[in-house]
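# Examination of the molecular architecture
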Amino acid sequence: MEQWQKSLAAGEKQLVEDRRDVHRYAETGWTEYRTAAKVAERLEQLGYVLTVGKDALRDEDRMGVPKAEVLAEQEARALQQGTPEKWLDRMRGGFTALWADMDCGEGPLVALRFDLDANDCVESTEEAHRPQAAGFASVQAGAMHACGHDGHVAVGLAVAVALAAQRSQLRGKIRLIFQPAEEGVRGAKAMVSAGAVKNVDYLLGAHIGFKATRTGQVICGTDNFLATTKMDVTYSGVSSHAGAFPEQGKNALLAACSAALNLHAISRHGGGATRITVGTLHAGQGRNVIPPNAFFQLETRGATSELDEYMQGEARRIIEAAAAMWDVTYQIDVVGGTKGGESDTEVIAKVESAARSIPFFTEIETRVDFGASEDFAYLLSAVQEQGGKGCYTMFGAKLAAGHHNGRFDFDEAVLAPAAELLVRSALQLLESE
């Protein structure tokens with residue numbers, strides 16, 4: 001016990017350095033080359049056995065992957081920013097996932113998941129914004145860690161160090177999962193398909209902030225993740241002169257508008273909460289041209305996976321009906337999605353027990369409803385379906401601004417206690433059998 005506590009205490013400076021380094025070189029979903037390589041390099045040095053790149057992702061289950069030219073640009077940038085070719089070559093094409101295993105003999109397999117990606121967000125340039133003032137604001141145009149995943153990566157590395165330091169005293173197996181493309185819930189499914197949680201007995205996940213916004217606060221378990229599906233819809237019609245020959249056109253814009261209005265009219269469901277949002281709509285070519293093109297983005301959500309399936313089914317029916325009404329063709333691309341779920345009481349109890357042994361946590365809550373979607377739920381559902389259990393914890397930290405805001409920042413005092421809590425929880429789970 002003293003050994004790994006000393007390891008964490010000695011690593012507090014490293015925790016902050018890692019967080020700020022990842023923040024400065026923010027990378028969005030499927031382009032986390034430098035971040036993933038940093039993790040892989042460190043874990044390999046610690047003696048973990050790595051599964052990386054195409055071995056860690058099933059290609060056909062990846063969702064919302066950027067176009068090839070975008071990936072190539074990001075690969076070139078990552079190389080220029082010091083990413084070792086050894087790792088970049090294994091991740092080319094957006095295969096930026098990895099997990100790391102440490103086998104300490106007979107015992108349960110305990111996995112911990114950490115997300116890698118930044119947001120499509122422009123970081124504040126205000127002098128009062130601490131990352132700007134301290135020199136670690138994002139240097140990547142249009143990308144920013146505005147959700148705390150930079151802290152999650154740093155905590156994951158600290159957990160890896162602490163567990164490796166006591167390898168000879170452990171019984172069981174540890175797996176550290178570093179997931180790309182959590183934003184937009186795009187990455188977990190492909191990792192599950194590749195075997196990331198196969199035979200996992202216990203799964204831990206965590207988030208800085210969100211519903212825990214006070215330093216010293218911890219929410220041990222999370223319930224009611226909303227299942228969600230993200231869809232891109234394209235309507236294709238026929239252009240024509242809007243004055244002389246309007247009857248020869250097929251109006252894709254009106255098809256999209258009809259769909260958008262009626263999607264928001266889907267009946268609510270007696271089985272629980274549902275959501276739908278058409279977030280963007282782009283269409284047309286000019287004021288005197290019958291619009292031959294339309295594109296919109298939508299998402300459905302449900303309190304359970306079954307409710308989201310209901311919403312998704314109704315959405316598809318309406319999209320198809322609008323196409324038929326305006327005599328245009330349509331295409332639906334699913335670009336993200338995850339399941340609903342909740343934490344297991346048994347694992348929450350382990351986390352709460354660990355939290356009560358750490359003086360930093362002065363405000364301890366057992367569980368709350370999440371009320372949103374998180375890709376962790378897909379991993380958790382897969383573990384639970386095979387008989388395992390899991391838990392999602394929220395670490396409290398004072399926030400400079402809300403999540404996904406250009407002024408987001410969090411109190412870095414949470415980093416070391418968060419790592420300690422995850423280590424303590426993992427040790428309790430290893431000892432539980």
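This paragraph deals with the overall build of the protein chain. Looking only at helices and strands, one finds 13 helices and 14 strands in the protein chain. Computed over its C-alpha atoms, the radius of gyration of the protein chain comes to 23 Å, within 12% of the 22 Å expected for a compact globule of 433 residues. Across the 433 residues in the protein chain, those meeting the buried criterion constitute 56%. Considering only intrachain contacts with a sequence separation of at least 6, the fraction spanning at least 24 residues in the protein chain is 84%. By element, 48% of the accessible surface of the protein chain is carried by carbon and sulfur atoms, the whole surface being about 17300 Å². The positive charge centre, built from 43 side chains, and the negative charge centre, built from 58, are 1 Å apart in the protein chain.

Read across the open sheet, the eight strands follow the order E1-E2-E6-E3-E7-E14-E8-E13; overall the sheet is mixed. Taken across any chain shown, the strands that pair with only one partner, and hence form the sheet edges, are strand E1 (49–52) and strand E13 (363–369). Adjacent strand axes in the sheet meet at a mean angle of 20° when their direction is disregarded. Where strand E8 (residues 217–223) lies against strand E14 (residues 389–395), two bridges are found, and the strand directions are antiparallel. Bridge pairing links Val-218 to Phe-395 in E14. Where helix H3 (residues 33–45) meets the sheet, its contacts fall on E1, strand E2 (98–103) and strand E6 (173–179), and the angle it forms with E2 comes to roughly 15°. Those strands touched by helix H13 (residues 415–431) are strand E3 (109–115), E6, strand E7 (202–208), E8 and E14, and its axis lies near 170° from that of E7.

A word on the sheet that holds strand E11 (residues 293–302). Read across the open sheet, the four strands follow the order E10-E11-E9-E12; overall the sheet is antiparallel. Both outer strands of the open sheet, strand E10 (274–283) and strand E12 (329–338), are each paired with one neighbouring strand and no more. With strand direction ignored, the average angle separating the axes of adjacent strands in the sheet is 15°. Here strand E9 (residues 227–236) runs beside E11; their pairing, made up of ten bridges, is antiparallel. Bridge pairing in E11 places Val-233 opposite Phe-296.

To characterise two packed helices, one gives the angle between the axes of the helices and the distance between these axes. Viewed as axis vectors pointing N to C, helix H9 (residues 252–263) and helix H10 (residues 305–326) meet at an angle of 145°, and their least axial separation amounts to 9 Å. H10 is crossed by H9, and the crossing has right-handed handedness. Residues Leu-254, Ala-255, Ser-258, Ala-259, Asn-262 and Leu-263 of H9 touch H10, and the partners they reach there are Ala-315, Ile-318, Ile-319, Ala-322, Met-325 and Trp-326. Considering only residue class, the contact of H9 with H10 consists of ten nonpolar, two polar and no charged.

Conventions and cut-offs
- Residues numbered from 1 in each chain as written.
- Predicted model: local features only at pLDDT ≥ 70, side-chain atom pairs only at ≥ 80, totals over all residues.
- Heavy atoms only, no water.
- Helix = DSSP H or I, 4+ residues; strand = E, 2+ residues; numbered from the N terminus.
- Rg over C-alpha atoms; globule rule 2.2 N^0.38 Å.
- Buried < 20%, exposed > 50% of the residue type's maximum accessible area, 1.4 Å probe, protein only.
- Contact = heavy atoms within 4.5 Å.
- Areas by Shrake-Rupley, 256 points an atom, 1.4 Å probe, with all protein chains shown as cover.
- Lys, Arg positive; Asp, Glu negative; His and termini not counted.
- Charge placed at Lys NZ, Arg CZ, Asp CG, Glu CD.
- Pairing = 2+ DSSP bridges.
- Axes fitted to C-alpha atoms, helices over the stretch in contact; angles between N-to-C directions.
- Left-handed = near helix turned anticlockwise from the far one by under 90°.
- Nonpolar A, V, L, I, M, F, W, Y, C, P; charged D, E, K, R; others polar.

By themselves these figures say nothing about function.
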